[in-house]
Amino acid sequence: SQQGEEDPQALSIQEGENATMNCSYKTSINNLQWYRQNSGRGLVHLILIRSNEREKHSGRLRVTLDTSKKSSSLLITASRAADTASYFCAIDQGGKLIFGQGTELSVKP
Amino acid sequence: EAQVTQNPRYLITVTGKKLTVTCSQNMNHEYMSWYRQDPGLGLRQIYYSMNVEVTDKGDVPEGYKVSRKEKRNFPLILESPSPNQTSLYFCASSERGNEQYFGPGTRLTVT
């Protein structure tokens, strides 16, 4: 399967802790994107990292990309209860976007 | 306001009755795409379009049709819906190679 694979499938942490989610893939990519989804709602874009980039930051979010290992990670620092959501990676193969199955993050107050 | 709109948001229909889900974007994006989301399977791409009159199959195109006659609209057509097409459908648009903007979703039930 060319689908991105996410790990872990579910993650439960306390407010203030950091959350790390991983995404692995099998083919070459143009870029890798991370999205967030609150239950049953549309996806919201978080960060896009291109194949020639290694790390990107946006507020409390940090994304890394290792093309040699075909993997990416999303780190959310100092998590808040409002960060509770599902997080998806998506691999852009030049038009075709392949999503992972997502990590369900629960942040307990 | 920049947005992607889908209609209807909720639809219950019967097997075999043709239906269309509309998708419209006001950002002049070249790229548009349809996905379905099912529990345990994540989002799967149905069709995508790089520009007007250009469409390509995604991972799960069977049972669906699309058209891209104008830049802003990308309707999803189910000619003969079946119960296995019961799902949550999302439309998205983007500048090519950039992040996607998603619509609010259409929850379809086929009985």
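No experiment lies behind these values; they were computed from the predicted model shown. (Residues numbered from 1 in each chain as written. Chains lettered and ligands numbered in written order. Predicted model: local features only at pLDDT ≥ 70, side-chain atom pairs only at ≥ 80, totals over all residues. Heavy atoms only, no water.)

## Side note on the overall build of chain B
Assigned secondary structure in chain B consists of zero helices and eleven strands. Counted from the first residue to the last, chain B has its helices and strands arranged as β-β-β-β-β-β-β-β-β-β-β. The C-alpha atoms of chain B give 13 Å as radius of gyration, which agrees with the globular expectation for 111 residues (13 Å, within 12%). Expressed along its principal axes, the backbone C-alpha trace of chain B runs to roughly 35 × 25 × 25 Å. (Helix = DSSP H or I, 4+ residues; strand = E, 2+ residues; numbered from the N terminus. Rg over C-alpha atoms; globule rule 2.2 N^0.38 Å.)

## Topic: the side chain of Gln45 of chain B
With respect to the element layout, Gln45 of chain B can be found in strand β5 (residues 42-51). In terms of polar contacts, Gln45 of chain B uses its side chain to reach the side chain of Ser33 of chain B, at 2.9 Å. Those residues within four positions of Gln45 of chain B in sequence are excluded, and the remaining contacts are Gly95, Lys96 and Leu97 of chain A together with Tyr31, Ser33, Trp34, Tyr35, Gly58, Asp59 and Val60 of chain B. (Polar contact = N/O pair within 3.5 Å; in protein donor to acceptor, adjacent residues only side chain to side chain. Contact = heavy atoms within 4.5 Å.)

## Thoughts on the interface of chain B and chain A
Counting from both sides, the interface comprises 23 residues of chain B and, opposite them, 22 residues of chain A. Carbon and sulfur atoms supply 52% of the area that chain B and chain A bury against each other, a total of about 1,600 Å² over both sides. When the buried surface of chain B facing chain A is broken down by residue, Leu43, Glu99 and Phe102 of chain B rank first, second and third, together holding 28% of it. For the salt bridge of Lys96 of chain A with Asp59 of chain B, the shortest nitrogen-to-oxygen distance reads 3.2 Å. Taken together, chain B and chain A are joined by seven residue pairs in polar contact (both at pLDDT 80 or more). Elements with a minimum of two residues in the side of chain B that touches chain A: β4 (31-38), β5 and β9 (87-94) of chain B. Counting residues per element, the side of chain B that touches chain A draws most heavily on β5 of chain B, which supplies five residues. Each residue belonging to the side of chain B that touches chain A can be placed in one class, and the counts come to ten nonpolar, nine polar and four charged. (Buried area = accessible area lost by both parts, 1.4 Å probe. Salt bridge = Lys/Arg side-chain N within 4 Å of Asp/Glu carboxyl O. Nonpolar A, V, L, I, M, F, W, Y, C, P; charged D, E, K, R; others polar.)

## Quick word on the nonpolar core
Counting 22 residues, the largest nonpolar core has Met21, Leu32, Trp34, Leu74, Ile76, Tyr87 and Leu105 of chain A as its most contacted members. Among the elements of the structure, β3 (19-24), β4 (31-37), β5 (43-50), β7 (61-66), β8 (71-76), β9 (85-92) and β11 (103-108) of chain A are those that each provide at least two residues to this core. The biggest single contributor to this core is β9 of chain A, with four residues. Excluding anything up to four places from it in sequence, Ile76 of chain A contacts Glu17, Asn18, Ala19, Met21, Arg60, Leu61, Asp83, Tyr87 and Leu105 of chain A. Residues Trp34, Tyr47, Val66 and Cys91 of chain B belong to the second largest nonpolar core, which totals 19 residues. (Core = buried A, V, L, I, M, F, W, Y, C linked by side-chain atoms within 4.5 Å. Buried < 20%, exposed > 50% of the residue type's maximum accessible area, 1.4 Å probe, protein only.)

## Comments concerning the sheet that holds strand β7 (residues 65-66) of chain B
Note on sheets: strands pair through backbone hydrogen bonds, and any given pair is parallel or antiparallel. Residues and elements named next belong to chain B. If you trace the four strands from one edge of the open sheet to the other, you get β1-β3-β8-β7, paired in antiparallel fashion. Two strands close off the open sheet at either side, each with one partner strand: β1 (4-7) and β7. Relative to strand β8 (residues 76-78), strand β3 (residues 19-25) is paired through three bridges, and the arrangement is antiparallel. Of the residues in β8, the one forming a bridge with Val21 is Leu76. (Pairing = 2+ DSSP bridges.)

## A word on the sheet that holds β3 of chain A
Residue and element names in this part refer to chain A. Pairing within the open sheet is antiparallel, and its five strands lie in the order β1-β3-β8-β7-β6. The strands lining the two open edges of the sheet, one partner per strand, are β1 (5-7) and β6 (55-58). For this sheet, the mean inter-axis angle between neighbouring strands, taken without regard to orientation, is 15 degrees. Where β3 lies against β8, six bridges are found, and the strand directions are antiparallel. Its bridge partner lying in β8, Asn22 is registered against Ser73. (Axes fitted to C-alpha atoms, helices over the stretch in contact; angles between N-to-C directions.)

## A look at the side chain of Ser72 of chain A
Residue and element names in this part refer to chain A. Considering the arrangement of structural elements, one finds Ser72 in strand β8. Exposure remark for Ser72: the relative accessible area of 4% places this residue in the buried category. Among the polar contacts listed, one links the side chain of Ser72 to the side chain of Trp34, at a separation of 3.2 Å. Apart from the residues lying within four places of it in its own chain, the contact partners of Ser72 are Met21, Asn22, Cys23, Leu32, Trp34, Val63, Thr64 and Leu65.

## Topic: the state of the cysteines
In protein chemistry, a disulfide is the covalent bond that joins the sulfur atoms of two cysteines. Taken as a whole and judged by the stated rule, the model has two disulfides over all chains. Note that Cys23 of chain A is cross-linked by a disulfide to Cys89 of chain A, the S-S spacing being 2.0 Å. Since a negative S-S torsion denotes a left-handed disulfide, the Cys23 of chain A-Cys89 of chain A link at about 65 degrees is right-handed. In this pair, Cys23 of chain A sits in strand β3 while Cys89 of chain A sits in strand β9, placing the two residues 66 residues apart along the sequence. As far as burial versus exposure is concerned, Cys23 of chain A and Cys89 of chain A are alike and both buried. Each sulfur in the disulfide pair Cys23 of chain B and Cys91 of chain B lies 1.8 Å from the other. In this structure, the disulfide formed by Cys23 of chain B and Cys91 of chain B twists by about -70 degrees around the S-S bond and is classed as left-handed. (Disulfide = S-S within 2.5 Å.)

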